[in-house]
Amino acid sequence: MTRAILIVLDSVGCGGAEDAKAYGDEGADTLGHIAEACANGKGDRDGLRRGPLRLPRLEALGLGHAMRASTSRAPPGFALPKPHGQWGFAVETSRGKDTPSGHWELAGTPVDFDWGYFPETIPAFPESLTAALIAEGKLAGILANRHASGTAVIADYGEEHLRTLKPICYTSADSVLQIAAHEGAFGLDRLYDLCRIARRLCDPLNIGRVIARPFVGASAGDFVRTANRKDFAVSPPNGNLLQRAAGAGRDVVSIGKIGDIFAHRDTGDERKGKSNDGNVDILIDALRTTADGGLIFVNLVDFDTEWGHRRDVPGYAACLEAFDVRLGAIEAAMRPQDFCVVTADHGNDPTFRGFDHTREHVPILAFGGGAPAGPIGPRSSLADVAETIAVKLGLPRGPHGTAWAA
C-alpha cells in the first residue's frame, strides 16, 4: 500500500504569480533570481559556495522545467534534462502569503477569508492589545512595537530587553505577532505562556500566528535565535488532508513546524529537528517505521527563516544545494510504492526589497509510487497536491482542488 511524503521547502517559490502586484511583489522570483545571481557571481561566499546554482537531483526531477513554465524564462545555469519525475507549478488561491495560507491550501483547504494585519505605524499594535498583554503577562512593558526584521530587532533591542526584561514585540507584512525574549533571563516557559496569552488576545483580530522567538547571548554582537521557536496558530479549516488521514486511521507523522501550523490538530506523531538537516534525518527515520498507507508531512524552514528573510543569496543557494544532496538519501530510504511530492508554500525572494514573504507560484515535483514522469501542467490551486495524495492513499476527496494523473 502506498505511503505519501509531502515535503514543503518553505519559501522556495518560482515566480510568476498573476496577483503579485496586488501584494507589492510584482517581479519577485525566488528560485529564478537566486539562479541568476549565482550565474553572475553574486552567490559566492568564501568557505560556503561558489559558481552557478547546482541542483542536479531537483533538476533531474524537472525543477528547471517547472521554473521555465512558471515564468516563461529559462533559468540560468540549468541544463533542462529530460525529467524522470512529474513536474509543474501551482497557483496559490488563498488570501495572504504567509505560512498557514500556503500549508493549509497544500492540505486541501484554501484560506477564503481575510487575515488581520497590523499597520506599518509605530506603535503597530492597538493600545488595548498592548495594555492587556502587559497586564496579563505581568510585564514592565514591551519593546519595539513595530514592523521589523527578526534578526535586526533582536540586535536593536536585545540589550535593553536584558536590562528591563520587557519582551520584544514586533510584526511584519504577514498576519503575525512575534515575541522575542532571552531564554535564560526571561525564561522559555514564561515566553511560551506569554504567547498563549497573546494568542487569545489576537483571536478577535483574526491574526494568523503568534510566534515565540527565543534567543541567547550577552550583547548585540552575539545574540542568536535558538531552535526553540514555537508557533501558536489559529485552528485550520475542517476537511484538510491531515484530518482525512487521521480519520481513516492512518499513521500521520508531522515533521518540523507542521504541528504548530495546524494547531496540533490531527498532526499525529509530531517530531521537530533543529535544522533542515535534522528534519531530513527525522524523515529518513520515519520512512523506516511509518506503516503502509501513512502520511508524512515535512516542513523545511531554514530556506525562509535563515536566508530568505535575511536577504542572503549565497546562504539561500547553499541551503538549496544542501537539500539537493539530502534528496538522494530520501529517495534511497523510500519504498518502491512510496509517493513523494516536493513543493513550497510561498516565496521569499532574497534579491527583493524588504524582508517579507513574496507572492509567487510554487514548483511541484513528484516521484515514486509508479507515477509516470512528465509535465502535470500549471495547477490552478495548491490544493491539487492534497487531492493527488488523497487519491494515492485512497482517502476521501476534499471540496477543493483536482488530482493530476499520479
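Let me sum up the structure you'll find in this document. Nothing here was measured: the structure is a model prediction, and the numbers come from that model.

**Description of the packing of helix α1 (residues 30-39) against helix α12 (residues 313-333)**
Thinking step 1. Interhelical geometry of α1 versus α12 gives an angle of 105° and a closest axis separation of 10 Å. In terms of axis orientation, α1 runs roughly perpendicular to α12. Here T30, L31, I34, A37 and C38 of α1 come into contact with α12, specifically with V313, Y316, A317 and L320.
Thinking step 2. The residue inventory of the contact of α1 with α12, partitioned by class, reads eight nonpolar, one polar and no charged.

**Concerning α1**
Thinking step 1. For α1, the tally of buried residues reaches eight of ten residues, placing the bulk of the element in the interior.
Thinking step 2. When α1 is considered as a whole, its buried residues turn out to be T30, L31, G32, H33, I34, A35, A37 and C38.
Thinking step 3. Structurally, α1 contributes buried residues whose contacts are with α3 (63-71), α12 and β13 (362-368).
Thinking step 4. Positive backbone phi, at 80°, marks G41, one or two positions downstream of α1.

**Re the pairing of β13**
Thinking step 1. With six of seven residues buried, β13 lies mostly within the body of the structure.
Thinking step 2. Judged from the five bridges that link them, strand β2 (residues 86-90) and β13 form a sheet pairing that is antiparallel. By the bridge assignment, W87 is partnered in β13 with L365.
Thinking step 3. Examined bridge by bridge, strand β12 (residues 339-343) and β13 share four bridges and lie antiparallel to one another.

**Regarding the nonpolar core**
Across soluble globular proteins, nonpolar side chains have a tendency to be buried as a group.
Thinking step 1. I7, F323 and I389 are the most contacted members of the largest nonpolar core, which has 78 residues in total.
Thinking step 2. Among the elements that line this core, the one with the most residues is α12, at seven residues.
Thinking step 3. Not counting residues up to four positions away in its chain, the partners in contact with F323 are I7, L9, L58, L300, F303, I330 and V342.
Thinking step 4. Of all hydrophobic cores here, the second largest spans 24 residues; its members include L139, A181, A198 and C202.

**With respect to the environment of V298**
Thinking step 1. Checked against the element boundaries, V298 lands in strand β11 (residues 295-300).
Thinking step 2. Residue classification places V298 among the buried residues on the basis of a relative accessible area of 1%.
Thinking step 3. Residues V298 and L320, 22 residues apart in the sequence, show an inter-C-alpha distance of 16 Å.
Thinking step 4. Residues contacting V298, with those up to four places away along its chain left out, are L6, I7, V8, I255, I258 and L283.

**A word on the side chain of E387**
Thinking step 1. Of note, E387 is situated in helix α13 (residues 383-393).
Thinking step 2. Judged by its relative accessible area of 0%, E387 is buried.
Thinking step 3. Within the structure, the side chain of E387 is placed 2.9 Å from the backbone nitrogen of G398, a separation counted as a polar contact.

**Looking at α12**
Thinking step 1. With 21 residues, α12 should cover 30 Å at 1.5 Å per step; its first-to-last C-alpha distance of 30 Å lies within 8% of that length.
Thinking step 2. Of the residues that open α12, the one with a side-chain oxygen 2.8 Å from the backbone nitrogen of G315 is D312.

**A short note on the pairing of strand β6 (residues 209-216)**
Thinking step 1. Among the eight residues that make up β6, seven are buried, leaving the element largely enclosed by the rest of the structure.
Thinking step 2. Here seven bridges tie strand β5 (residues 176-182) to β6, and the two strands are oriented parallel to one another. Within β6, the position partnered with V176 by the bridge is R209.
Thinking step 3. Since β5 and β6 lie parallel, the crossover through helix α7 (residues 183-202) that links them has a hand, and here it is right-handed.
Thinking step 4. With four bridges connecting them, β6 and strand β8 (residues 230-233) associate as antiparallel partners. In the sheet register, R209 faces β8, and the bridge partner there is A233.
Thinking step 5. Summarising the sheet, β6 and strand β7 (residues 224-225) pair through two bridges and their orientation is antiparallel. Note that in β7 the partner of V216 across the bridge is V224.

**Thoughts on the sheet that holds strand β9 (residues 252-255)**
Thinking step 1. Taken in spatial order, the eight strands of this open sheet run β10-β9-β11-β1-β12-β13-β2-β14, and their pairing is mixed. The strands lining the two open edges of the sheet, one partner per strand, are β10 (269-271) and β14 (374-379). Here the average twist between neighbouring strands, direction ignored, is 15°.
Thinking step 2. In this fold α13 packs onto β1 (4-9), β11, β12, β13 and β14, with an angle of close to 175° to the strand it touches most, β12.

**Here's the deal with unusual backbone geometry**
Thinking step 1. The peptide bond linking I122 to P123 adopts the cis configuration, its omega dihedral lying at 5°.
Thinking step 2. You can see P123 is positioned in the loop between α4 (99-106) and α5 (127-137).
Thinking step 3. If you check the backbone angles, L80 has positive phi at about 55° while not being a glycine.
Thinking step 4. The residue L80 is located in the loop between α3 and β2 in this model.

The rules behind each value
Residues numbered from 1 in each chain as written. Predicted model: local features only at pLDDT ≥ 70, side-chain atom pairs only at ≥ 80, totals over all residues. Heavy atoms only, no water. Axes fitted to C-alpha atoms, helices over the stretch in contact; angles between N-to-C directions. Helix = DSSP H or I, 4+ residues; strand = E, 2+ residues; numbered from the N terminus. Parallel < 35°, antiparallel > 145°, perpendicular 65-115°, else oblique. Contact = heavy atoms within 4.5 Å. Nonpolar A, V, L, I, M, F, W, Y, C, P; charged D, E, K, R; others polar. Buried < 20%, exposed > 50% of the residue type's maximum accessible area, 1.4 Å probe, protein only. Pairing = 2+ DSSP bridges. Core = buried A, V, L, I, M, F, W, Y, C linked by side-chain atoms within 4.5 Å. Polar contact = N/O pair within 3.5 Å; in protein donor to acceptor, adjacent residues only side chain to side chain. Expected span 1.5 Å × (residues − 1). Right-handed = clockwise from strand over helix to strand, strands pointing away.

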